[in-house]
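The residues making up each chain are set out below.
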Amino acid sequence: MAKTILVIVPHPDDAEFYAGGTLAKFAKAGERVIIVTTTNGAKGSFELSAPQLIEIRRNEALTAGKRLGAERVLFLGYTDLELDRIEPCELRERYVRLIREYKPDLLMTEDYLYTAETHPDHRIVARLVSEAVTFANLPLLYPEHIKEGLEPHFTPEKYYYTEDLDAANHIVDITDTFDDKMAALCAH
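Residues numbered from 1 in each chain as written. Predicted model: local features only at pLDDT ≥ 70, side-chain atom pairs only at ≥ 80, totals over all residues. Heavy atoms only, no water.

Remarks on the overall build of the chain
Along the backbone of the chain there are six helices and five strands. Going residue by residue from the N terminus, the α and β elements of the chain occur as β-α-β-α-β-α-β-α-α-β-α. Computed over the C-alpha atoms, the radius of gyration of the chain is 16 Å, within 12% of the 16 Å expected from 2.2 N^0.38 for a compact globule of 188 residues. Across its three principal axes, the chain shows a C-alpha extent of roughly 45 × 40 × 35 Å. Across the 188 residues that make up the chain, the buried fraction comes to 46%. In the chain, of all internal contacts separated by at least 6 residues, the share reaching a separation of at least 24 is 80%. (Helix = DSSP H or I, 4+ residues; strand = E, 2+ residues; numbered from the N terminus. Rg over C-alpha atoms; globule rule 2.2 N^0.38 Å. Buried < 20%, exposed > 50% of the residue type's maximum accessible area, 1.4 Å probe, protein only. Contact = heavy atoms within 4.5 Å.)

This is the structure:
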């Protein structure tokens with residue numbers, strides 16, 4: 001039976017940039033890859049309006065996901081650089097819900113211990129996803145999920161990507177999927 005790999009990232013290009021080769025490797029091995037993008041990509045242009053940019057970034061992420069072999073690319077639709085305006089419980093609950101819905105064998109997100117991260121969206125997503133994956137197995141956390149048929153779930157493997165190479169304790173050789181990663185990045 002194929003493993004389910006759930007990747008939760010802040011922005012439409014983060015999965016490809018940080019873990020594209022690894023995700024392509026999982027997909028080529030027959031694993032089920034699901035990418036969840038938290039924000040809508042609305043702030044990254046000097047020329048386009050936010051609505052134009054949101055549509056472009058969404059289409060880029062969908063194309064990139066296909067190039068990596070992802071089964072699904074989901075969008076939570078929060079606004080870039082405004083995650084700090086949202087109550088942490090709201091976003092944590094969304095992440096717990098996704099974990100309980102997709103029941104991943106492996107969850108991948110940004111390393112919450114990487115203290116040099118300057119982007120607030122990256123810091124917030126890293127912290128809240130790590131909390132969600134740690135506690136999604138507790139039945140008393142968001143008990144309304146159980147009433148909706150979403151049972152608590154324990155995720156046995158967690159991968160936290162980082163720019164801090166000194167903190168790395170697991171490296172995946174992506175030699176055979178490097179071109180897939182580049183093709184996905186070129187979609188952006």
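Next comes the rest of the description.
A word on the sheet that holds strand 4 (residues 106–110)
Remark on secondary structure: sheet strands pair via backbone hydrogen bonds, oriented parallel or antiparallel. Spatial ordering of the open sheet is given by 3-2-1-4-5, a layout of five strands whose pairing is parallel. One side of each edge strand has no neighbouring strand; the edge strands of this open sheet are strand 3 (72–78) and strand 5 (157–161). Taking each pair of neighbouring strands and ignoring which way they run, the sheet shows an average axis angle of 15 degrees. Of the pairings in the sheet, the one linking strand 1 (residues 4–9) to strand 4 comprises three bridges and is parallel in character. Residue pairing in the sheet places Leu-6 in a bridge with Leu-107 of strand 4. Against the sheet, helix 2 (residues 50–68) contacts strand 2 (32–39) and strand 3, and its axis sits at roughly 155 degrees relative to strand 3. (Pairing = 2+ DSSP bridges. Axes fitted to C-alpha atoms, helices over the stretch in contact; angles between N-to-C directions.)

Here we look at the packing of helix 1 (residues 14–28) against helix 6 (residues 178–186)
Packing of helix 1 against helix 6 leaves a shortest axis separation of 8 Å and a crossing angle of 130 degrees. Looking at the two axes, helix 1 sits oblique to helix 6. Crossing of helix 1 against helix 6: the hand is right-handed. The residues of helix 6 that touch helix 1, namely those facing Glu-16, Phe-17, Tyr-18, Ala-19, Gly-20, Gly-21, Ala-24 and Lys-28, are Asp-180, Lys-181, Ala-184 and Leu-185. Grouping the constituent residues of the contact of helix 1 with helix 6 by class yields six nonpolar, two polar and four charged. (Parallel < 35°, antiparallel > 145°, perpendicular 65-115°, else oblique. Left-handed = near helix turned anticlockwise from the far one by under 90°. Nonpolar A, V, L, I, M, F, W, Y, C, P; charged D, E, K, R; others polar.)

Regarding the packing of aromatic side chains
With the rule as written, the count across this model stands at four aromatic pairs. With 4.6 Å between their ring centres and 15 degrees between their planes, Tyr-18 and Tyr-161 make a pair best called stacked. Highlighted residues: Tyr-18 in helix 1 and Tyr-161 in strand 5, separated in sequence by 143 residues. For the pair Tyr-112 and Tyr-160, a centre-to-centre distance of 5.3 Å together with 80 degrees between the ring planes defines the contact as edge-to-face. Pair noted here: Tyr-112 is in the loop between strand 4 and helix 4 (120–135) and Tyr-160 is in strand 5, with a separation of 48 residues, a long-range link. For Tyr-112, a relative accessible area of 44% translates into the label partly exposed. (Phe/Tyr/Trp six-rings, centres within 6.5 Å; stacked < 30°, edge-to-face > 60°.)

Observations regarding the packing of helix 3 (residues 88–102) against helix 4
Contact geometry for helix 3 and helix 4: axes closest at 9 Å, N-to-C directions at 50 degrees. The angle between helix 3 and helix 4 falls in the class oblique. For the pair helix 3 and helix 4, the sense of crossing is right-handed. Counting all contacts with helix 3, which are made through Pro-88, Leu-91, Arg-92, Tyr-95, Val-96, Ile-99 and Arg-100, the residues of helix 4 involved are Ile-124, Val-125, Arg-127, Leu-128, Val-129, Glu-131, Ala-132, Val-133 and Phe-135.

Focus: helix 4
For helix 4, which comprises 16 residues, the first-to-last C-alpha distance of 23 Å matches the rise-based estimate of 22 Å (1.5 Å per residue) to within 8%. Those residues of helix 4 not exposed but buried are Asp-121, His-122, Ile-124, Val-125, Ala-126, Leu-128, Val-129, Ser-130, Ala-132 and Val-133. Of the surrounding secondary structure, the elements contacted by the buried residues of helix 4 are strand 1, helix 1, strand 2, helix 3, strand 4 and strand 5. (Expected span 1.5 Å × (residues − 1).)

Describing helix 6
Note: α-helices contain 3.6 residues per turn, so residues at a spacing of three or four share the same orientation. Listing the buried residues of helix 6 in full gives Asp-180, Lys-181 and Ala-184. With its buried residues spanning 100 degrees around the axis, helix 6 presents them on a single face. Exposed side of helix 6, more than 90 degrees from the buried face: Asp-179 and Cys-186 are the residues found there. Against the buried residues of helix 6 lie helix 1 and helix 2. (Arc of directions from axis to C-beta.)

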